[in-house]
Amino acid sequence: MQPDSPVLIGQTGPLNGERFSITGEIIIGRESTCTIVVLERQVSRYHARITIKEDGVLLEDLGSKNGTYVNGEMIAEPVMLQDGDVIQVALVQQFVYLNSDATLPLVGNLPFPGMVSAGAGSAGERVGCLYLDPRSRRVWLNEEEVLPPLSVPQFRLLQVLYDQQGKVVSRQALINLVWSEDESEGVSEQALDALIRRLRDRLAQLDASHAYLVTVRGHGLRLDNPER
């Protein structure tokens with residue numbers, strides 16, 4: 001691996017834990033001639049391509065049957081990757097993209113269920129039924145990973161509440177923290193409500209018995225994260 005090159009880290013799939021340096025064009029697919037081979041039937045022979053451009057690293061789907069996803073959203077057009085983006089190939093192999101290998105965790109210290117790197121409690125300590133890793137944007141609920149990954153706004157909302165779990169976060173603070181400064185000025189209350197509803201629905205798919213996102217009328221929202 002060349003120093004300071006962008007990298008993919010395999011997660012949740014047959015390539016879990018493997019690292020791939022991006023130094024030129026990378027083809028991901030089932031065919032043995034691909035740069036990254038994923039031997040799963042759902043993966044197309046030539047599924048996706050990653051290319052280094054002057055202005056960044058470009059990901060494109062190569063007309064695959066089961067799609068390529070970035071942060072939980074299927075891509076129809078090529079996209080420029082951002083640090084920490086979660087890529088899924090046909091929902092059977094997940095990668096996290098990092099701009100540089102300079103900040104890679106040590107071997108054996110990749111995120112895994114039971115460890116978090118933010119939130120209440122000491123570093124790396126799980127504190128409740130719901131836990132997340134902000135670096136890889138992965139979320140677990142009752143030992144099961146939330147898949148496909150949450151969208152970027154959904155994850156940001158959950159992370160804000162996770163970092164302040166047990167505390168009420170005002171609706172305006174949520175808008176300011178979830179959306180960028182330029183975007184937040186035009187975000188309506190209805191848009192925030194829709195985002196909260198979608199996140200509640202995603203969590204309910206794994207645990208419908210508990211309300212993790214609690215609305216405190218007149219004040220805001222808080223995360224109720226019960227102990228295991």
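Residues numbered from 1 in each chain as written. Predicted model: local features only at pLDDT ≥ 70, side-chain atom pairs only at ≥ 80, totals over all residues. Heavy atoms only, no water.

Summarise the packing of helix α2 (residues 171-178) against helix α4 (residues 189-204); cite the residues concerned and give the values.
At a minimum axis distance of 11 Å, the contact between α2 and α4 shows a crossing angle of 80°. One finds that α2 runs roughly perpendicular with respect to α4. On the side of α2, the interface is formed by R171, L174, I175 and V178, while α4 contributes E189, L192, D193, L195 and I196. Partitioned by chemical class, the residues of the contact of α2 with α4 number six nonpolar, no polar and three charged. (Axes fitted to C-alpha atoms, helices over the stretch in contact; angles between N-to-C directions. Helix = DSSP H or I, 4+ residues; strand = E, 2+ residues; numbered from the N terminus. Parallel < 35°, antiparallel > 145°, perpendicular 65-115°, else oblique. Contact = heavy atoms within 4.5 Å. Nonpolar A, V, L, I, M, F, W, Y, C, P; charged D, E, K, R; others polar.)

Pulling in residues and values, what's your account of the confidence of the model for the protein?
Mean pLDDT for the protein: 82, with 83% of residues reaching 70 or above. Counted against residues more than four places away or in other chains, residues 102-124, with its pLDDT under 50, gives 50 contacts. (pLDDT = per-residue confidence, 0-100.)

Help me get a handle on the sheet that holds strand β2 (residues 19-21), residues and values and all.
Taking strand neighbours across the sheet as the criterion, the six strands line up as β2-β1-β11-β10-β7-β8 in an open arrangement whose pairing is antiparallel. Each having just a single partner strand, β2 and β8 (73-74) make up the two edges of the open sheet. For strand β1 (residues 7-11) and β2, the ladder comprises three bridges, and the chain directions are antiparallel. The residue of β2 that forms the bridge with V7 is S21. (Pairing = 2+ DSSP bridges.)

Any details on the packing of aromatic side chains? Residues and values, ideally.
Scanning all chains against the criterion turns up two aromatic pairs. Plain terms: the ring middles of F20 and F95 are 6.2 Å apart, the flat faces sit at 75° to each other, and that makes the pair edge-to-face. With a gap of 75 residues between them, F20 in strand β2 and F95 in strand β11 (residues 93-98) connect regions that are remote in the sequence. Given a relative accessible area of 15%, F20 falls into the buried group. (Phe/Tyr/Trp six-rings, centres within 6.5 Å; stacked < 30°, edge-to-face > 60°. Buried < 20%, exposed > 50% of the residue type's maximum accessible area, 1.4 Å probe, protein only.)

Could you give an account of the pairing of strand β16 (residues 213-216), naming the residues involved and the relevant values?
Two strands pair when backbone bridges link them, and β16 and strand β17 (residues 220-223) are joined in this way by four bridges, in the antiparallel orientation. Note on β17: the bridge partner recorded for T215 is L221. Between β16 and β17, which pair antiparallel in sequence order, lie three residues; one of them, G218, sits at a positive phi of approximately 80°.

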